[in-house]
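Here is how the chains run, residue by residue.
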Amino acid sequence: HATAALRDRLQIAAVAGGSIHAAVGDAWRSLGEHERAASHLRQAAADYTLAFGDDDPLALKANYGLVRTLAYAGNAEAFAEAARILESADARAGALLQGENEVALNAAIARGQFHFQQLQIEPSLQAHRGADALQRSLRPDDAPMAALIRSNLADATLRLGDNEGAAAQLQAILADPLLDPARIGESTVAGYRIMLARALRNLGRYDEALPLAVEAATTTERILGNDTYATLIQWSTVASIHDAAGNCPAALPIARTVRERMATRYGEDRQ
């Protein structure tokens, strides 16, 4: 509704326009609608630049938000645009990036996501570690931001093969009152459970991994539907645990269902 209203606007002051487009862009990104999100965040950056200049913190934060959104789009054109925007924003931010401030925090998250979505795990881990320290100092009660950063730290640790380290991080996350489902959402917590299940699977602890994975996939399906990417990836993890444990008769029907729904939702020719 807000998006339609923005299309119909005759004139909105640049300051208000930047604020509205930034909020709508963040909302679309949260829903996985990356192209829609990017168009609003481009406009937010343009409006803030018009109102305050291209080195203003609001304009810089909008650009870093756009980098994150383009990184999630996951194609070569989006990565190339994100790289250009990241380089330009960093140059304009200058010394701010070395300080303890909101611009440095947003820049670190953007850089972490930019590298992570390209599976450049080491630079992503370094950026997210910086973001983690800044979040704990500047926004200690910001549960969604803490959830984003810590999940990426755990995922990067897992992808680097440190299953014990990742499992310890995820168990700490699941025990942290700041990251209670009431504050960050059941589906976000389900994402932590599925990562912990992956770590336990990799450690050969299948009896512990399987119920965690099933609980996560069931929760995500209930909240997001049975054909969303997160749901299907999580059921695929359930199948992989059965497979690793040598129970192919249990794995096969789940894997077939995942493949069929992926093809229906995203196309037979998609990787």
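In case you missed it, the structure is sitting above this.
Described in the following lines is the structure provided in the data block. Every chain is numbered independently, its residues counted from 1 as its sequence is written. In keeping with the model being predicted, local features are shown solely for residues with a pLDDT of at least 70 and side-chain atom pairs are shown and tallied solely at 80 or more, while totals for entire chains, interfaces and linings include all residues. Heavy atoms throughout the structure, all of them, feed into the side-chain values; hydrogens and water do not.

## Topic: the nonpolar core
Right, so step 1: Nonpolar cores were defined as sets of buried Ala, Val, Leu, Ile, Met, Phe, Trp, Tyr and Cys residues, with membership established by side-chain atoms within 4.5 Å. A 1.4 Å probe rolled over the protein chains alone gives each residue an accessible area, and that area as a share of the maximum for its type sets the label: buried under 20%, exposed over 50%, partly exposed in between. The biggest cluster of nonpolar side chains holds 35 residues, and the ones touching the most others in it are Leu 170, Leu 179, Ile 184 and Tyr 192.
Right, so step 2: Elements represented by at least two residues in this core include exactly α8 (143-159), α9 (163-175), α11 (186-202), α12 (206-224), α13 (229-244) and α14 (248-266).
Right, so step 3: With nine residues, α11 is the single largest residue contributor to this core.
Right, so step 4: Those residues in contact with Leu 170, other than ones at most four positions away along the chain, are Ala 154, Tyr 192, Met 195 and Leu 196. Segments assigned H or I by DSSP are reported as helices when at least four residues long, segments assigned E as strands when at least two residues long, and all are numbered from the N terminus. We call two residues in contact when some of their heavy atoms are within 4.5 Å.

## Description of α14
Right, so step 1: In a regular helix each residue adds 1.5 Å, so 19 residues correspond to 27 Å; α14 covers 26 Å between its end C-alpha atoms and thus fits that length.
Right, so step 2: Buried within α14 are the following residues: Ala 251, Ile 254, Val 258, Met 262 and Ala 263. One side of α14 holds all its buried residues, which, seen down the axis, span an arc of 165°. Along α14, exposed side chains directed more than 90 degrees from the buried face belong to Pro 249, Arg 256 and Thr 264.
Right, so step 3: Buried positions along α14 lie against α13.
Right, so step 4: Looking at the residues trailing α14, positive phi occurs at Gly 267, about 110°. In a helix, the anticipated span is given by 1.5 Å times the number of residues less one. By construction, the arc corresponds to the directions joining the helix axis to the C-beta atoms.

## Structural notes on the environment of Tyr 72
Right, so step 1: Mapped onto the elements of the fold, Tyr 72 is located in helix α4 (residues 57-73).
Right, so step 2: Along the backbone, Tyr 72 and Glu 33 are 39 residues apart, and their C-alpha atoms lie at a distance of 9.6 Å.
Right, so step 3: Not counting residues up to four positions away in its chain, the partners in contact with Tyr 72 are Arg 29, His 34, Gln 113, Gln 117 and Leu 148.

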